[in-house]
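Given next are the chains, with one letter for each unit.
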Amino acid sequence: MRIVIALGGNALLHRGERPDADIQEANIDRVTTAIAALALEHEIVVTHGNGPQIGLLAEESAADPALKAPYPLDLLGAQTQGMIGSLLVRALHDALPGHRIAALVTHTLVRADDPAFGRPTKFVGQVYSRKIAESLARRHGWHIAKDGRGWRRVVPSPSPERILEIETIHELLGSRALVLCAGGGGVPVTADNDTGALHGVEAVVDKDLTAALLAEDLKADFLLILTDVPCVYADYGTHDAQPVLDATPDDLRRGGYPAGSMGPKTEAAAQFVERTGGLAAIGALDAAYEIVHGRSGTLVRPDLIVG
(Lines give C-alpha, C1' and ligand atoms only; values in the text may rest on other atoms or scores of the structure.)
Protein backbone atom coordinates (compact mmCIF):
# COMPACT_ATOMS: atom_id res chain seq x y z
CA MET A 1 0.00 0.00 0.00
CA ARG A 2 1.23 3.52 -0.79
CA ILE A 3 0.85 5.83 2.22
CA VAL A 4 1.47 9.56 2.43
CA ILE A 5 2.26 10.58 6.01
CA ALA A 6 1.82 14.19 7.14
CA LEU A 7 3.74 14.89 10.35
CA GLY A 8 2.66 17.79 12.53
CA GLY A 9 5.13 20.63 13.05
CA ASN A 10 5.19 19.70 16.74
CA ALA A 11 6.57 16.24 15.97
CA LEU A 12 10.09 17.60 16.48
CA LEU A 13 9.31 20.48 18.80
CA HIS A 14 6.46 20.04 21.24
CA ARG A 15 4.33 22.92 22.45
CA GLY A 16 6.17 24.79 25.22
CA GLU A 17 9.58 23.19 24.61
CA ARG A 18 12.69 25.29 24.11
CA PRO A 19 13.51 25.44 20.38
CA ASP A 20 17.01 24.04 20.85
CA ALA A 21 18.64 21.80 18.26
CA ASP A 22 19.39 19.00 20.74
CA ILE A 23 15.74 18.84 21.81
CA GLN A 24 14.62 18.42 18.20
CA GLU A 25 17.27 15.75 17.65
CA ALA A 26 16.05 13.89 20.74
CA ASN A 27 12.42 14.04 19.57
CA ILE A 28 13.30 12.52 16.21
CA ASP A 29 13.37 9.03 17.72
CA ARG A 30 9.57 8.96 18.19
CA VAL A 31 9.09 10.03 14.58
CA THR A 32 11.41 7.44 13.10
CA THR A 33 9.90 4.66 15.23
CA ALA A 34 6.45 5.49 13.85
CA ILE A 35 7.62 5.74 10.23
CA ALA A 36 9.93 2.72 10.28
CA ALA A 37 7.21 0.34 11.49
CA LEU A 38 5.07 1.28 8.48
CA ALA A 39 7.97 1.38 6.00
CA LEU A 40 8.68 -2.30 6.61
CA GLU A 41 5.28 -3.15 5.10
CA HIS A 42 4.30 -0.23 2.86
CA GLU A 43 5.54 2.34 0.35
CA ILE A 44 5.98 5.58 2.27
CA VAL A 45 6.10 9.29 1.41
CA VAL A 46 6.57 11.71 4.30
CA THR A 47 5.82 15.40 4.54
CA HIS A 48 6.04 17.53 7.66
CA GLY A 49 5.02 20.80 9.23
CA ASN A 50 7.46 23.56 10.07
CA GLY A 51 5.49 26.06 12.14
CA PRO A 52 7.78 26.14 15.20
CA GLN A 53 10.96 26.06 13.13
CA ILE A 54 10.08 28.73 10.55
CA GLY A 55 8.78 30.98 13.32
CA LEU A 56 12.10 30.70 15.15
CA LEU A 57 14.10 31.48 12.02
CA ALA A 58 11.83 34.42 11.20
CA GLU A 59 12.27 35.91 14.66
CA GLU A 60 16.05 35.48 14.52
CA SER A 61 16.17 37.02 11.06
CA ALA A 62 14.03 40.00 12.09
CA ALA A 63 16.32 40.67 15.06
CA ASP A 64 19.63 40.29 13.19
CA PRO A 65 21.32 43.72 12.96
CA ALA A 66 23.60 42.50 10.16
CA LEU A 67 20.64 42.18 7.77
CA LYS A 68 19.18 45.07 5.80
CA ALA A 69 15.84 43.24 5.83
CA PRO A 70 14.62 39.93 7.32
CA TYR A 71 14.74 36.84 5.12
CA PRO A 72 11.38 36.20 3.40
CA LEU A 73 9.24 33.27 4.50
CA ASP A 74 9.76 31.32 1.27
CA LEU A 75 13.53 31.15 1.84
CA LEU A 76 13.09 30.38 5.52
CA GLY A 77 10.72 27.57 4.51
CA ALA A 78 13.43 26.14 2.27
CA GLN A 79 15.84 26.26 5.19
CA THR A 80 13.44 24.31 7.40
CA GLN A 81 12.99 21.68 4.69
CA GLY A 82 16.75 21.15 4.65
CA MET A 83 17.13 21.02 8.42
CA ILE A 84 14.18 18.74 9.17
CA GLY A 85 14.90 16.62 6.09
CA SER A 86 18.46 16.07 7.24
CA LEU A 87 17.37 15.04 10.74
CA LEU A 88 14.86 12.57 9.32
CA VAL A 89 17.26 11.12 6.73
CA ARG A 90 19.93 10.44 9.35
CA ALA A 91 17.52 8.86 11.80
CA LEU A 92 15.73 6.75 9.17
CA HIS A 93 19.07 5.63 7.73
CA ASP A 94 19.81 4.03 11.10
CA ALA A 95 16.28 2.71 11.66
CA LEU A 96 15.86 1.21 8.18
CA PRO A 97 19.21 -0.27 7.09
CA GLY A 98 19.25 -1.04 3.38
CA HIS A 99 16.38 1.33 2.52
CA ARG A 100 16.88 4.13 0.03
CA ILE A 101 15.90 7.43 1.65
CA ALA A 102 15.73 10.77 -0.15
CA ALA A 103 14.87 14.25 1.10
CA LEU A 104 13.77 16.65 -1.63
CA VAL A 105 13.41 20.43 -1.35
CA THR A 106 9.98 20.93 -2.88
CA HIS A 107 8.16 23.96 -4.30
CA THR A 108 4.40 24.45 -4.26
CA LEU A 109 2.65 26.67 -6.79
CA VAL A 110 0.04 29.04 -5.34
CA ARG A 111 -2.15 31.72 -6.91
CA ALA A 112 -0.95 35.30 -6.56
CA ASP A 113 -4.57 36.42 -6.14
CA ASP A 114 -5.42 33.87 -3.44
CA PRO A 115 -7.60 35.69 -0.88
CA ALA A 116 -5.58 34.03 1.90
CA PHE A 117 -2.90 36.69 1.40
CA GLY A 118 -5.34 39.18 2.92
CA ARG A 119 -6.38 36.88 5.80
CA PRO A 120 -3.38 35.54 7.75
CA THR A 121 -4.42 32.40 9.66
CA LYS A 122 -1.39 30.08 9.76
CA PHE A 123 0.30 29.90 13.16
CA VAL A 124 4.10 29.96 13.15
CA GLY A 125 6.68 30.23 15.89
CA GLN A 126 6.47 30.17 19.64
CA VAL A 127 3.55 30.84 21.97
CA TYR A 128 3.83 34.17 23.80
CA SER A 129 1.91 36.10 26.40
CA ARG A 130 -0.37 38.72 24.87
CA LYS A 131 1.91 41.54 26.01
CA ILE A 132 5.04 40.07 24.43
CA ALA A 133 3.18 39.07 21.24
CA GLU A 134 1.79 42.58 20.82
CA SER A 135 5.26 44.05 21.36
CA LEU A 136 6.75 41.76 18.70
CA ALA A 137 3.89 42.57 16.33
CA ARG A 138 4.56 46.31 16.67
CA ARG A 139 8.29 45.87 16.28
CA HIS A 140 8.24 43.57 13.27
CA GLY A 141 4.90 44.36 11.63
CA TRP A 142 3.53 40.90 12.37
CA HIS A 143 -0.07 39.75 12.61
CA ILE A 144 -0.87 37.85 15.80
CA ALA A 145 -3.79 35.73 16.99
CA LYS A 146 -4.81 33.81 20.10
CA ASP A 147 -3.72 30.16 20.14
CA GLY A 148 -5.04 28.30 23.17
CA ARG A 149 -3.94 30.18 26.27
CA GLY A 150 -1.27 32.18 24.47
CA TRP A 151 -0.65 34.24 21.36
CA ARG A 152 1.33 33.47 18.21
CA ARG A 153 2.26 35.02 14.90
CA VAL A 154 -0.06 34.24 11.97
CA VAL A 155 0.91 34.43 8.29
CA PRO A 156 -0.94 33.94 4.99
CA SER A 157 -1.59 30.35 3.96
CA PRO A 158 -2.64 30.16 0.28
CA SER A 159 -4.08 26.94 -1.15
CA PRO A 160 -1.64 24.61 -2.92
CA GLU A 161 -2.31 24.41 -6.66
CA ARG A 162 0.51 22.16 -7.89
CA ILE A 163 3.62 20.47 -6.53
CA LEU A 164 6.36 21.33 -9.01
CA GLU A 165 8.63 18.35 -8.30
CA ILE A 166 5.87 15.72 -8.52
CA GLU A 167 7.47 13.87 -11.44
CA THR A 168 10.77 13.64 -9.59
CA ILE A 169 8.93 12.22 -6.56
CA HIS A 170 7.32 9.62 -8.85
CA GLU A 171 10.77 8.63 -10.12
CA LEU A 172 12.18 8.32 -6.61
CA LEU A 173 9.29 6.08 -5.61
CA GLY A 174 9.93 4.02 -8.72
CA SER A 175 13.45 3.38 -7.42
CA ARG A 176 11.91 2.09 -4.15
CA ALA A 177 13.04 5.10 -2.12
CA LEU A 178 11.29 6.37 0.99
CA VAL A 179 10.73 10.01 0.03
CA LEU A 180 10.67 13.05 2.33
CA CYS A 181 9.18 16.00 0.46
CA ALA A 182 6.88 19.04 0.54
CA GLY A 183 8.05 19.95 4.04
CA GLY A 184 6.18 22.89 5.51
CA GLY A 185 3.72 22.57 2.65
CA GLY A 186 6.50 23.23 0.15
CA VAL A 187 8.25 26.50 -0.66
CA PRO A 188 5.39 28.77 -1.84
CA VAL A 189 5.93 30.24 -5.31
CA THR A 190 3.87 31.97 -7.99
CA ALA A 191 4.48 31.74 -11.73
CA ASP A 192 4.66 34.78 -14.01
CA ASN A 193 1.72 34.74 -16.42
CA ASP A 194 3.91 35.67 -19.40
CA THR A 195 7.26 33.99 -18.78
CA GLY A 196 6.43 31.25 -16.27
CA ALA A 197 9.27 32.51 -14.03
CA LEU A 198 8.89 31.49 -10.40
CA HIS A 199 8.76 33.99 -7.55
CA GLY A 200 8.76 33.20 -3.84
CA VAL A 201 5.94 34.67 -1.74
CA GLU A 202 5.58 35.70 1.91
CA ALA A 203 3.46 32.78 3.10
CA VAL A 204 3.45 29.28 4.54
CA VAL A 205 1.33 26.68 2.72
CA ASP A 206 -0.61 24.36 5.00
CA LYS A 207 1.23 21.06 5.02
CA ASP A 208 -1.94 18.98 5.42
CA LEU A 209 -3.57 20.45 2.32
CA THR A 210 -0.32 19.95 0.40
CA ALA A 211 -0.20 16.37 1.69
CA ALA A 212 -3.71 15.75 0.35
CA LEU A 213 -2.69 17.09 -3.07
CA LEU A 214 0.53 15.07 -2.96
CA ALA A 215 -1.37 11.89 -2.06
CA GLU A 216 -3.83 12.47 -4.87
CA ASP A 217 -1.10 13.10 -7.46
CA LEU A 218 0.83 10.02 -6.33
CA LYS A 219 -2.30 7.84 -6.41
CA ALA A 220 -1.75 6.93 -2.78
CA ASP A 221 -4.04 4.44 -1.08
CA PHE A 222 -3.99 6.11 2.31
CA LEU A 223 -3.40 9.61 3.72
CA LEU A 224 -2.21 9.51 7.33
CA ILE A 225 -2.25 12.82 9.21
CA LEU A 226 -0.34 12.58 12.49
CA THR A 227 -0.72 15.13 15.25
CA ASP A 228 -0.61 15.45 19.06
CA VAL A 229 -4.13 14.19 19.86
CA PRO A 230 -5.40 10.60 19.52
CA CYS A 231 -8.26 11.48 17.18
CA VAL A 232 -10.61 14.24 16.06
CA TYR A 233 -12.90 15.51 18.82
CA ALA A 234 -16.27 17.15 18.42
CA ASP A 235 -16.54 20.18 20.73
CA TYR A 236 -12.82 19.93 21.51
CA GLY A 237 -11.73 21.84 24.60
CA THR A 238 -15.14 21.72 26.25
CA HIS A 239 -16.78 19.42 28.80
CA ASP A 240 -18.89 18.03 25.95
CA ALA A 241 -15.90 16.86 23.87
CA GLN A 242 -16.53 13.53 22.13
CA PRO A 243 -14.12 11.43 20.04
CA VAL A 244 -14.97 11.10 16.36
CA LEU A 245 -13.72 7.66 15.37
CA ASP A 246 -15.41 7.22 11.99
CA ALA A 247 -16.45 9.99 9.60
CA THR A 248 -17.22 10.88 6.02
CA PRO A 249 -16.07 14.12 4.35
CA ASP A 250 -19.54 15.59 4.92
CA ASP A 251 -19.39 14.67 8.60
CA LEU A 252 -16.08 16.48 9.01
CA ARG A 253 -17.24 19.60 7.21
CA ARG A 254 -20.31 19.82 9.44
CA GLY A 255 -18.01 19.73 12.47
CA GLY A 256 -16.85 23.33 12.07
CA TYR A 257 -13.26 22.66 13.16
CA PRO A 258 -11.09 25.77 13.70
CA ALA A 259 -8.91 27.11 10.86
CA GLY A 260 -5.78 27.43 12.97
CA SER A 261 -5.63 23.84 14.21
CA MET A 262 -7.84 20.85 13.31
CA GLY A 263 -9.66 22.56 10.43
CA PRO A 264 -6.95 22.09 7.77
CA LYS A 265 -6.44 18.47 8.85
CA THR A 266 -10.11 17.57 8.52
CA GLU A 267 -10.38 19.45 5.21
CA ALA A 268 -7.27 17.72 3.83
CA ALA A 269 -8.64 14.29 4.78
CA ALA A 270 -12.03 15.16 3.27
CA GLN A 271 -10.51 16.39 0.00
CA PHE A 272 -8.36 13.29 -0.45
CA VAL A 273 -11.21 10.88 0.22
CA GLU A 274 -13.64 12.77 -2.04
CA ARG A 275 -11.23 13.06 -4.95
CA THR A 276 -9.76 9.56 -4.86
CA GLY A 277 -12.15 7.24 -3.02
CA GLY A 278 -9.22 6.25 -0.81
CA LEU A 279 -9.00 6.31 2.97
CA ALA A 280 -7.57 8.92 5.30
CA ALA A 281 -7.01 8.99 9.04
CA ILE A 282 -6.09 11.51 11.71
CA GLY A 283 -4.44 10.53 14.97
CA ALA A 284 -1.44 10.50 17.27
CA LEU A 285 2.13 10.05 16.09
CA ASP A 286 2.88 7.19 18.48
CA ALA A 287 -0.17 5.26 17.25
CA ALA A 288 0.68 5.49 13.53
CA TYR A 289 0.86 1.72 12.97
CA GLU A 290 -2.39 1.12 14.89
CA ILE A 291 -4.16 3.88 12.95
CA VAL A 292 -3.31 2.33 9.58
CA HIS A 293 -4.55 -1.02 10.85
CA GLY A 294 -7.84 0.41 12.09
CA ARG A 295 -7.17 0.28 15.82
CA SER A 296 -6.80 3.98 16.62
CA GLY A 297 -7.47 7.49 15.33
CA THR A 298 -10.28 8.92 13.24
CA LEU A 299 -10.93 7.02 10.02
CA VAL A 300 -12.25 9.11 7.12
CA ARG A 301 -13.99 7.06 4.43
CA PRO A 302 -16.15 7.75 1.38
CA ASP A 303 -19.87 8.37 1.81
CA LEU A 304 -21.88 5.18 1.53
CA ILE A 305 -23.97 5.06 -1.64
CA VAL A 306 -27.52 3.97 -0.83
CA GLY A 307 -29.73 2.51 -3.53
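Our subject is the structure listed above.
Reading the values: rules and limits
- Residues numbered from 1 in each chain as written.
- Predicted model: local features only at pLDDT ≥ 70, side-chain atom pairs only at ≥ 80, totals over all residues.
- Heavy atoms only, no water.
- Salt bridge = Lys/Arg side-chain N within 4 Å of Asp/Glu carboxyl O.
- Helix = DSSP H or I, 4+ residues; strand = E, 2+ residues; numbered from the N terminus.
- Buried < 20%, exposed > 50% of the residue type's maximum accessible area, 1.4 Å probe, protein only.
- Pairing = 2+ DSSP bridges.
- Right-handed = clockwise from strand over helix to strand, strands pointing away.
- Contact = heavy atoms within 4.5 Å.

(A) Quick peek at the pattern of salt bridges. With the rule as written, the count across this model stands at 13 salt bridges. The partner of arginine 130 in a salt bridge is glutamate 134, with the nearest N and O atoms 2.9 Å apart. Of this pair, arginine 130 and glutamate 134 both sit in helix 4 (residues 130-140), 4 residues apart, which is roughly one turn of the helix. On the accessibility criterion, arginine 130 (48% relative accessible area) is partly exposed. The shortest N-O distance in the salt bridge between glutamate 274 and arginine 253 comes to 2.6 Å. Taken together, the positions of glutamate 274 in helix 8 (residues 262-276) and arginine 253 in helix 7 (residues 249-254) put the pair 21 residues apart, joining distant regions of the chain. Given the relative accessible area of 44%, glutamate 274 is considered partly exposed. The partly exposed category is assigned to arginine 253, whose relative accessible area is 37%.

(B) View of the pairing of strand 2 (residues 43-48). Strand 2 sits mainly inside the fold: 5 of its 6 residues count as buried. The sheet contact formed by strand 1 (residues 2-7) and strand 2 spans 6 bridges and is parallel. Its bridge partner lying in strand 2, valine 4 is registered against valine 45. Assessed by its sense of winding, the connection that carries the chain from strand 1 through helix 1 (residues 21-39) to strand 2 is right-handed. Sheet topology places strand 2 next to strand 9 (residues 177-180); 2 bridges connect them, and they run parallel. Across the sheet, valine 45 pairs through a bridge with valine 179, a residue of strand 9.

(C) View of the sheet that holds strand 10 (residues 187-191). The strand order 8-4-10-11 describes an open sheet built from 4 strands, whose pairing is mixed. Both outer strands of the open sheet, strand 8 (162-163) and strand 11 (198-200), are each paired with one neighbouring strand and no more. For strand 10 and strand 11, the ladder comprises 3 bridges, and the chain directions are antiparallel. Pairing of threonine 190 across the sheet is with histidine 199, part of strand 11.

(D) Quick look at the environment of cysteine 181. In this structure, cysteine 181 sits in the loop between strand 9 and strand 10. For cysteine 181, a relative accessible area of 1% translates into the label buried. Residues cysteine 181 and histidine 107, 74 residues apart in the sequence, show an inter-C-alpha distance of 9.3 Å. For cysteine 181, the residues in contact, after removing those within four places along its chain, are Val45, Val46, Thr47, Leu104, Thr106, Ile169 and Leu214.

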